[in-house]
Amino acid sequence: MREDTVMKNYPLYCPTCKQETLIDTKDLQITVIKEPDAQTQSR
């Protein structure tokens, strides 16, 4: 990743734990986007 790279709502996949997480990046700072699970909303 370069200094001028910007990603918004990028789906980052982990092959080890098989989970997908949305991240934002700007100025080499990575922010994890916390979203509620769809399962908990469907109650």
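Residues numbered from 1 in each chain as written. Predicted model: local features only at pLDDT ≥ 70, side-chain atom pairs only at ≥ 80, totals over all residues. Heavy atoms only, no water.

**Q** How should unusual backbone geometry be read in this particular structure?
**A** In terms of backbone geometry, most residues other than glycine have negative phi values and most peptide bonds are trans. Of note in the backbone geometry, Asp-27 takes a positive phi value of approximately 55° without being a glycine. Within the chain, Leu-28 stands out as a residue other than glycine whose phi angle is a positive 65°. The residue Leu-28 is located in the loop between strand S2 (19-26) and strand S3 (29-32) in this model. (Helix = DSSP H or I, 4+ residues; strand = E, 2+ residues; numbered from the N terminus.)

**Q** Teacher, can you tell me more about the pairing of S2 here?
**A** Here six bridges tie strand S1 (residues 7-14) to S2, and the two strands are oriented antiparallel to one another. Residue pairing across strands places Leu-12 opposite Thr-21, the latter belonging to S2. The hairpin formed by S1 and S2 contains four residues between the paired strands, and Lys-18 there has a positive phi angle of roughly 55°. Bridge analysis of S2 against S3 gives four bridges, and the strand direction is antiparallel. Counterpart to Asp-24 in the pairing with S3 is Thr-31. In sequence, S2 turns back onto S3 through a hairpin of two residues, with Asp-27 there showing a positive phi of about 55°. (Pairing = 2+ DSSP bridges.)

**Q** What exactly am I supposed to notice about the pattern of salt bridges here?
**A** Pairing is possible between side chains of opposite charge, provided their charged atoms come close. For the structure shown, the criterion picks out two salt bridges. Here Arg-2 ties to Asp-4 by a salt bridge, and the two come within 2.8 Å at their closest N and O atoms. One exposure class covers both Arg-2 and Asp-4, and it is exposed. Residue Asp-24 is joined to Lys-8 by a salt bridge in which the shortest nitrogen-to-oxygen separation is 4.0 Å. Of the two residues, Asp-24 sits in strand S2 while Lys-8 sits in strand S1, which places them 16 residues apart along the sequence. Under the relative-accessibility criterion, Asp-24 is labelled buried at 19%. (Salt bridge = Lys/Arg side-chain N within 4 Å of Asp/Glu carboxyl O. Buried < 20%, exposed > 50% of the residue type's maximum accessible area, 1.4 Å probe, protein only.)

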